[in-house]
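Residues per chain, in single letters:
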Amino acid sequence: VETNFGLTVTYDWQSQVTVTVPSSYANAVCGLCGNYNGNVGDEMMMKNGQVTSNPDALGHSWKVTDIPGCVELSKSQCPGMVAALQHQESSKMGCGIISRVGGPFGACHAHVDAVKYFQNCVHDFCLFPDQKNAICLVIARYTAACQAAGVTVGSWRTDDFCSISCPTNSHYELCSQDCGQTCSSIYTPMKCSERCKEGCVCDEGFVLSGDECVPISRCGCLHQGFYYKAEEIFLPTKEEKCQCHAGGTVECQKISCPEGSEGKIIDGVFQCTSARLRACVATGDRNYISFDGMAFNISGTCSYILTETCDGDDVKPFVVKIEKDARQKRKVSGIQALSVEVYGLTLTLTRGKRGDVKVNSISHHLPAILSKGRVQVHQHGMGVLLQTDFGLIIRYDLLHHVMVMVPQSYRGHLCGLCGNYNGQRNDDLLLPSGQQAPNAMVFGSAWKTPDVSCNDDCSKDDCPVCTQEKKMVLQKPNYCGILTVSRGPFESCHSLIDPAPYFQACLHDVCLAEGDTRVLCQSIQSYAATCQDAGVIIEAWRRPSFCPLSCPANSSYSLCTNLCVNSCPGLVDASKCPKTCAEACQCDKGYTFDGDGCVTEDKCGC
C-alpha cells in the first residue's frame, strides 16, 4: 500500500509487516515501531509516555482490542534454547544458512546484520520444533531485507528445504522484478520497483489477474478504481449490479430488491437478502425466544410443540416439534431431534446425523426435494436447512439450536412455545386453552407431546445456580463477552438481533458445563448463525486457539459460504438455494459439494 505522502506498508500475507515513512515523520509517530527521533534509548515508549524495558508492558500499552484466544505474554525464553542453538548452528539446512560464511547470504552480512535474524530463527525453531515452515519464514525475511538493500542473494531453497509450490501457470524465481506482469498494468502503468524480490512469477504469456495467472486475453476490468476478474459479478452501488467480461468491458444493470431488503453477492450469485422474516429460536440448555421477541427459559427435557398453525383457513398448516436430550449432571441438554409435519409428510432430523433426513420414517440422503419441489431439505453451514414454497424456513444445527422463520401471513395464526406471533410480547406464554400461563414451567409442560416420559424441571443438584464470581469471569471478551463487546466481531449484528438473550444463554450453559470450551463455542456459534440467517455480515470470530473448526478432507473453513450454490451440477436448482450464507467447510478448488462431502465433479451422484 503506497500513499502520495511517502508512506509504504507491506504485508506478506503471513508473518511480516513493514512500514516505511519519509523523514518528515521524524519524532511524529508512536507505537510498537517507536518514535523515529534518532535516539534508541527511548524506543520502547508506552502509550502513557513512559519508557519501559519490558516488551510485554510495551505490547500491552499499544493493544487495540482483545482477540479471543490471544495470550499476552511473549515467550521470550525457550527452555530448550541451548540444544536448539547447537542443532541449528551445525545444520547445513537450517538457521545456520543465514550466517554461514561463503553461504548464499555471504555477500549480505556487511549490509544487513545476520545475527538478529539467526537468533530469531533459532528462537522460532525452539518454540515450534514441529513447524518446518517457521524457520523458512525467517530466512525469507532475511532474503527480503538483503534484496531491499540491493544485495544479490544466492539460491537457498531446495526441493526438500523450504520449497515453494506455485499456483497454476506460474513458477518460482529468486529475483524477479514483478512489473508489467499484472492485468491492471494494462490500465495503469505500474512503477517498477528498483529492487527484485523472490516469489512466484507468471509463466511466459500469462499475467496476474487478482491472485491467479491467466492468458492476457482473459484479463478482467478496471471499474471506478477497482479491478475485477473476468466474469466476476459485483455491486458498485446498492442500486446496480455489474459483470466484467474478458477484454475489459463492464456491463451494468439497475437492480431492485423488495422493500426492506438489499442485494448481496453470495458465492458469486446475486441474491436479495430476505426482508425481515420473523424468527423463533430454541437454543442451548433452556433458552427460547418467541416470534414476538420474548425471551424465556424452560428447563424441561421433554418433546415439545415448538410452533404449529392453530387457526386460520387461509394459511398452509404445519407443525414443528423438538425433542430435548435427557439431562445428565453438569451437561447441557441439547436438541435430540426435530420433526416437521407439512404437506402430509413427516420429516425428522436427528442430532449429529449430518447428511440424512427421515421422510415418513424412511431415511434419505440430502439434498431432498419433496412434494414436487414444495419442500426442500439442504445441508446448510454446519447443519440442515428446510424450506417450503410458502416461506417456512427451519434451521437446525444438529446439536442444540433450532430457528424457525415464517412469513407475515402467519401473524396471529400460530401457537406453541414460539408464541402467537401477533406483534405483542406480553401475551406469548399462552396455554393451549388460550389462557395466560402463571410461569414458564407451566407454559412449557402444557406444550409437551405425550409420547415421552421426561422431567419438567431441573433440580438444584443437576442445575446449580451460577456463582457471581464465575459469572464475572465468563462475562469477559475471551468468553461470553465476545457476543456483546462493542467493536467486536458481532457489532454489526447488535442493532438487528439483540445479543442479550444469547449472552445470558452462554453464561448459563458454560457455567453449567463448568467452563467447557466446546459449550462456549456452540453458544457463540448460535448467535453467529442467527445473525447470518438475518443477512448480517459478521466478522471472523474463530481463531486457531479459540473455537477452531476442523474440516474434513478437500475442504477448508469459510466464515460465509453457501454449500447449496456450490453443489454438484444438476443436484439442486441454484435459485431455490438458501438466500443467506453460513459458516461451513467450503470445498477446495477443483472439488464440489455432493450433499454430504467434497468430491471431484466426476464423482458426483444423481
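Rules used in this analysis
- Residues numbered from 1 in each chain as written.
- Predicted model: local features only at pLDDT ≥ 70, side-chain atom pairs only at ≥ 80, totals over all residues.
- Heavy atoms only, no water.
- Helix = DSSP H or I, 4+ residues; strand = E, 2+ residues; numbered from the N terminus.
- Buried < 20%, exposed > 50% of the residue type's maximum accessible area, 1.4 Å probe, protein only.
- Contact = heavy atoms within 4.5 Å.
- Areas by Shrake-Rupley, 256 points an atom, 1.4 Å probe, with all protein chains shown as cover.
- Lys, Arg positive; Asp, Glu negative; His and termini not counted.
- Charge placed at Lys NZ, Arg CZ, Asp CG, Glu CD.
- Disulfide = S-S within 2.5 Å.
- Patch = residues over 30% accessible without salt bridge, like charges linked within 9 Å, V, L, I, M, F, W, Y side chains within 5 Å.
- Salt bridge = Lys/Arg side-chain N within 4 Å of Asp/Glu carboxyl O.
- Pairing = 2+ DSSP bridges.
- Axes fitted to C-alpha atoms, helices over the stretch in contact; angles between N-to-C directions.
- Polar contact = N/O pair within 3.5 Å; in protein donor to acceptor, adjacent residues only side chain to side chain.
- 1 Å grid on protein atoms, 1.4 Å probe; cavity = no way out; pocket = protein on both sides within 12 Å on 5 of 7 lines; lining within 4 Å.
- Points joined across faces, edges and corners; volume = space filled by probe spheres on them.
- Nonpolar A, V, L, I, M, F, W, Y, C, P; charged D, E, K, R; others polar.
- Domains from an automatic or database assignment.
- Parallel < 35°, antiparallel > 145°, perpendicular 65-115°, else oblique.
- Left-handed = near helix turned anticlockwise from the far one by under 90°.
- Phe/Tyr/Trp six-rings, centres within 6.5 Å; stacked < 30°, edge-to-face > 60°.

You'll find the protein chain entered in an unreviewed UniProt entry as IgGFc-binding protein, with Nipponia nippon given as the organism.

How do you make sense of the overall build of the protein chain when you look at a structure like this?
Helix and strand counts for the protein chain stand at nine helices and 32 strands. Evaluated residue by residue, the protein chain yields a buried proportion of 42% over its 606 residues. Sequence separation of at least 24 residues holds for 52% of the intrachain contacts in the protein chain that already meet a minimum separation of 6. For the protein chain, the exposed surface amounts to about 31,700 Å²; the carbon and sulfur share of it is 53%. Taken as two groups, the 50 positive and 63 negative side-chain charges of the protein chain have centres that lie 3 Å from each other.

Is there a simple way to explain the state of the cysteines in this structure?
Covalently bonding the sulfur atom of one cysteine to the sulfur atom of another cysteine gives a disulfide. One pass over the structure, following the stated rule, counts 22 disulfides. Across the disulfide, Cys458 is cross-linked to Cys463 (sulfur-sulfur distance 1.9 Å). Classification of the bridge connecting Cys458 and Cys463 rests on its S-S torsion, roughly 90°, and on that basis the disulfide is right-handed. Take Cys458 and Cys463: they sit in the same class, and that class is buried. Paired through a disulfide, Cys560 and Cys581 show a sulfur-sulfur distance of 2.0 Å.

I would appreciate a short explanation of a nonpolar patch on the surface in the present structure.
Taken together, the side chains of Tyr11, Trp13, Val17 and Val19 define a hydrophobic patch exposed on the protein surface, amounting to about 520 Å² of accessible area. Looking at the secondary structure, you find Val17 in strand β2 (residues 17-20). Taking relative accessible area as the criterion, Val17 reaches 55% and is therefore assigned exposed.

Teacher, can you tell me more about the sheet that holds strand β16 (residues 295-297) here?
Paired through their backbone hydrogen bonds, the strands of a sheet run either parallel or antiparallel. Strand order across the open sheet formed by eight strands is β16-β15-β14-β27-β26-β25-β24-β23, with antiparallel pairing between neighbours. Bordering the open sheet on either side are β16 and β23 (368-370), each of which pairs with just one other strand. Direction aside, the axes of adjacent strands within the sheet are offset by 15° on average. The strands that helix α9 (residues 517-533) touches are β14 (278-283), β26 (393-396) and β27 (401-406); relative to β27, the one it contacts most, it runs at about 20°.

Just checking my understanding: could you explain the pattern of salt bridges for this structure?
Close approach of charged atoms allows side chains with opposite charge to pair. On inspection of all chains with the given rule, the structure shows 11 salt bridges. A salt bridge links Asp456 to Lys448; its shortest N-O distance comes to 3.2 Å. Look at Asp456 and you get partly exposed, because its relative accessible area is 26%. With a relative accessible area of 30%, Lys448 lands in the partly exposed category. Across the pair Glu583 and Arg542 runs a salt bridge, and its minimum N-O distance is 2.8 Å. Separated by 41 residues along the polypeptide, Glu583 in strand β30 (residues 582-587) and Arg542 in the loop between α9 and β29 (555-561) bring together distant segments of the chain. Arg542 gets classed as buried once you look at its relative accessible area, which sits at 11%. Through salt bridges with shared partners, one network takes in Asp211, Glu212, Lys229 and Lys589.

In this structure, what is going on with the environment of Arg157? I would like to understand it.
Relative to the elements of secondary structure, Arg157 occurs in the loop between α5 (132-148) and β3 (170-176). For the pair Arg157 and Asn287, spaced 130 residues apart in the sequence, the C-alpha separation amounts to 56 Å. A polar atom in the side chain of Arg157 sits 2.7 Å from the backbone oxygen of Cys162. Side-chain polar atoms of Arg157 contact the side chain of Glu198, separated by 2.9 Å.

Got a minute to help me understand the pairing of strand β18 (residues 318-324) in this structure?
Two faces, one strand: in a regular strand the side chains alternate between the faces of the sheet. Burial within β18 is extensive, with five of its seven residues counted as buried. Alignment of strand β17 (residues 303-309) against β18, held across five bridges, turns out to be antiparallel. Within the sheet, the bridge partner assigned to Thr307 lies in β18 and is Val320. For β18 and strand β19 (residues 335-342), the ladder comprises seven bridges, and the chain directions are antiparallel. Residue pairing for β19: Lys324 is matched across the bridge by Ile335.

I keep staring at empty space enclosed by the protein and nothing clicks. Help me out?
The rolling of a water-molecule-sized probe over the atoms marks out the regions of remaining empty space. Under the definition given, this model contains five cavities of 30 Å³ or more. By volume, the largest cavity is sized at about 110 Å³. Lining the largest cavity are 13 residues; nearest its centre among them are Met382, Arg395, Asp397, Gln525 and Ala529. Considering each element in turn, the lining of the largest cavity owes the most residues, six residues, to α9. For the lining of the largest cavity, the per-class residue count stands at three nonpolar, seven polar and three charged. Of the volumes computed, that of the second largest cavity is approximately 50 Å³. Lining the second largest cavity we find Leu366, Pro367, His378, Gln379, Leu563, Cys564, Ser567, Val572, Phe593 and Gly595. Class assignment for the residues of the lining of the second largest cavity results in six nonpolar, four polar and no charged. Split by domain, the residues of the lining of the second largest cavity number at least three in each of domain 4 (278-462) and domain 5 (555-603).

Explain the sheet that holds strand β20 (residues 345-350) here, please?
Strand order in the open sheet formed by seven strands is β22-β21-β20-β19-β18-β17-β28, with antiparallel pairing between adjacent strands. Two strands bound the open sheet, and with one partner strand each, they are β22 (362-365) and β28 (414-415).

What is the right way to read the packing of helix α2 (residues 81-90) against helix α4 (residues 114-127) from this model?
Geometry of a packed helix pair, given as the angle between the helix axes and the separation of the axes. Running from amino to carboxyl end, α2 crosses α4 at an angle of 120°, the nearest separation of the two axes being 9 Å. Between α2 and α4, the angle falls in the class oblique. Crossing geometry of α2 relative to α4 is assigned as right-handed. On α4, the residues that touch Met81, Ala84, Leu85, His87, Gln88 and Glu89 of α2 are Phe118, Gln119, Val122, His123, Phe125 and Cys126.

Would you explain the packing of aromatic side chains in this entry?
The geometry of two aromatic rings is summed up by the distance between their centres and the angle between their planes. Within this structure, the stated rule accounts for 17 aromatic pairs. Considering the side-chain rings of Tyr343 and Phe390, the 6.0 Å spacing of their centres and the 70° angle between planes classify their relative orientation as edge-to-face. You can see Tyr343 sitting in the loop between β19 and β20 and its partner Phe390 sitting in the loop between β25 (383-388) and β26, a full 47 residues away along the chain. Using a relative accessible area of 21% as the deciding quantity, one classes Tyr343 as partly exposed. Overall, the relative accessible area of 14% leaves Phe390 in the buried class.

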